[in-house]
Amino acid sequence: MEGNLNFGLSNTATALISITDINDNPPELTVRTFSGEVPENKVNVVVTNLTVVDRDQPHSPNWNAVYRIISGDPSGHFTIRTNPITNEGMLTVVKPVDFEMNRAFMLTVVVSNQAHLASGIQSSLQSTAGVTISVQDVNEPPIFPVNPKTIRFEEGVPAGTTLTVFAAQDPDHFIHQIVRYSKLSDPANWLKINRTNGQITTTALLDRESMYVKNNMYEATFLAFDNGKSGKSG
């Protein structure tokens, strides 16, 4: 320019600078405590959705959330799957829960990204939250403690002989329900069961040579049912 700004020649150029995202924003759960409820004995049920905020580039490893349960679930009843669209954590039951064993769960969850945080960036206090899960009681069918039950008797015992007591247990310990019994299958019509206590007695002579006896075994099936609002049977 020969030292003269009035006569110097100049031109312009554009510099295109591409700024790449780094993981400098840790994910933050929107609240410190979540809650949900689940019926007992159900699986693949979403209990609650965990919501998170992340200011990094959406739908990138720096933004994608990874959720973990770090306490409160030693038996592995729950897992957290990430919704790829919303980045929410879907807390899901994968192993049936029992109301009579656990009425509620108190979980601690933590969220991070697929990519590691950039050097010098600390995890947020909001990356950890508690989850309270209430278990809903559901009427369950009575259970026979031994099934099948095998007993041995000689043929020819008189009618009215008590063979055994086949009592069922109601797993719903916190609900006062009555269990009753009936006969479901008795091909030779040799047996009867006491409706209230499950005592099985003969109504005819047991005959080893009967067509209903196979390999010296005669099989009958009995039913136990409760009087709950939605009655169940076993």
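Refer to the preceding data block for the structure.
For the structure given in this document, a descriptive report is provided here. (Residues numbered from 1 in each chain as written. Predicted model: local features only at pLDDT ≥ 70, side-chain atom pairs only at ≥ 80, totals over all residues. Heavy atoms only, no water.)

**What to know about the overall build of the chain**
Link 1 in the chain: The helix and strand inventory of the chain stands at 0 helices and 14 strands.
Link 2 in the chain: When the helices and strands of the chain are placed in sequence order, the string is β-β-β-β-β-β-β-β-β-β-β-β-β-β.
Link 3 in the chain: A compact globule built from 234 residues should have a C-alpha radius of gyration of about 17 Å, whereas the chain, at 34 Å, is more than 25% larger.
Link 4 in the chain: In the chain, of all internal contacts separated by at least 6 residues, the share reaching a separation of at least 24 is 68%.
Link 5 in the chain: A total accessible area of about 15,000 Å² is found for the chain, and carbon and sulfur atoms account for 52% of it.
Link 6 in the chain: Positive and negative side-chain charges in the chain, numbering 17 and 23 respectively, have mean positions lying 11 Å apart. (Helix = DSSP H or I, 4+ residues; strand = E, 2+ residues; numbered from the N terminus. Rg over C-alpha atoms; globule rule 2.2 N^0.38 Å. Contact = heavy atoms within 4.5 Å. Areas by Shrake-Rupley, 256 points an atom, 1.4 Å probe, with all protein chains shown as cover. Lys, Arg positive; Asp, Glu negative; His and termini not counted. Charge placed at Lys NZ, Arg CZ, Asp CG, Glu CD.)

**Section: the side chain of Gln177**
Link 1 in the chain: Within the secondary structure, Gln177 is located in the loop between strand 10 (162-165) and strand 11 (179-185).
Link 2 in the chain: Beyond its immediate sequence surroundings of up to four residues, Gln177 is in contact with Asn139, Asp170, Asp172, Asp226, Asn227 and Gly228.

**Side note on the side chain of Asn23**
Link 1 in the chain: Of note, Asn23 is situated in the segment before strand 1 (28-29).
Link 2 in the chain: If near-sequence neighbours (up to four positions away) are discounted, Asn23 is found in contact with Asp56, Asn62, Asn113, Ala115, His116, Leu117, Ala118 and Ile121.

**Brief notes about the sheet that holds strand 9 (residues 128-136)**
Link 1 in the chain: Ordered by their spatial adjacency, 4 strands build an open sheet running 2-9-8-5, and the pairing between neighbours is mixed. The sheet terminates laterally at strand 2 (33-39) and strand 5 (65-71), the two strands that pair on one side only. Strand-to-strand twist across the sheet, computed as the mean angle between neighbouring axes with direction ignored, equals 30 degrees.
Link 2 in the chain: In terms of strand pairing, strand 2 meets strand 9 through 7 bridges, oriented parallel. Within strand 9, the residue paired with Pro39 across the bridge is Gln136. (Pairing = 2+ DSSP bridges. Axes fitted to C-alpha atoms, helices over the stretch in contact; angles between N-to-C directions.)

**Structural notes on the layout of surface pockets**
Link 1 in the chain: When its volume is computed, the largest pocket comes out at roughly 1,000 Å³.
Link 2 in the chain: If you trace the largest pocket, you find 31 residues lining it, with Lys149, Ile151, Met217, Tyr218 and Glu219 closest to the centre.
Link 3 in the chain: Those elements that provide at least two residues to the lining of the largest pocket are strand 10 and strand 14 (221-226).
Link 4 in the chain: Of the residues assigned to the lining of the largest pocket, the class counts are 18 nonpolar, 6 polar and 7 charged. (1 Å grid on protein atoms, 1.4 Å probe; cavity = no way out; pocket = protein on both sides within 12 Å on 5 of 7 lines; lining within 4 Å. Points joined across faces, edges and corners; volume = space filled by probe spheres on them. Nonpolar A, V, L, I, M, F, W, Y, C, P; charged D, E, K, R; others polar.)

**Quick look at the nonpolar core**
Link 1 in the chain: Core analysis: the largest hydrophobic core is formed by 22 residues, its most contacted members being Leu29, Leu50, Tyr67, Phe78, Val131 and Ile133.
Link 2 in the chain: For this core, the secondary-structure elements that each account for two or more residues are strand 2, strand 3 (46-50), strand 5, strand 6 (78-82), strand 7 (89-93), strand 8 (104-113) and strand 9.
Link 3 in the chain: Excluding anything up to four places from it in sequence, Ile133 contacts Gly36, Val38, Val47, Phe78, Leu91, Arg103, Ala104, Phe105 and Leu107. (Core = buried A, V, L, I, M, F, W, Y, C linked by side-chain atoms within 4.5 Å. Buried < 20%, exposed > 50% of the residue type's maximum accessible area, 1.4 Å probe, protein only.)

**A few points about the sheet that holds strand 10**
Link 1 in the chain: Judged by pairing direction, the sheet is antiparallel, and its 3 strands sit side by side in the order 10-13-12 without closing on themselves. Looking along the sheet, the strands with just one partner apiece sit at the ends: strand 10 and strand 12 (191-193). When the angles between neighbouring strand axes are averaged without regard to direction, this sheet yields 20 degrees.
Link 2 in the chain: In terms of strand pairing, strand 12 meets strand 13 (residues 199-202) through 3 bridges, oriented antiparallel. Within strand 13, the position partnered with Lys192 by the bridge is Thr201.

**Examining the packing of aromatic side chains**
Link 1 in the chain: As enumerated under the stated definition, the model contains 3 aromatic pairs in all.
Link 2 in the chain: Pairing Phe144 with Phe166 gives two aromatic rings, centres 4.6 Å apart and planes at 40 degrees, and the pair type is tilted. Of this pair, Phe144 sits in the loop between strand 9 and strand 10 while Phe166 sits in the loop between strand 10 and strand 11, and the two are 22 residues apart along the sequence. The burial state of Phe144 is the same as that of Phe166; both residues are buried.
Link 3 in the chain: Between the aromatic rings of Trp190 and Tyr218, the centroid separation amounts to 4.5 Å while the plane-to-plane angle is 40 degrees, which identifies the pairing as tilted. One end of the pair, Trp190, is in the loop between strand 11 and strand 12; the other, Tyr218, is in the loop between strand 13 and strand 14, and 28 residues separate them in sequence.
Link 4 in the chain: On the basis of relative accessible area, Trp190 is assigned to the buried category, the value being 8%. (Phe/Tyr/Trp six-rings, centres within 6.5 Å; stacked < 30°, edge-to-face > 60°.)

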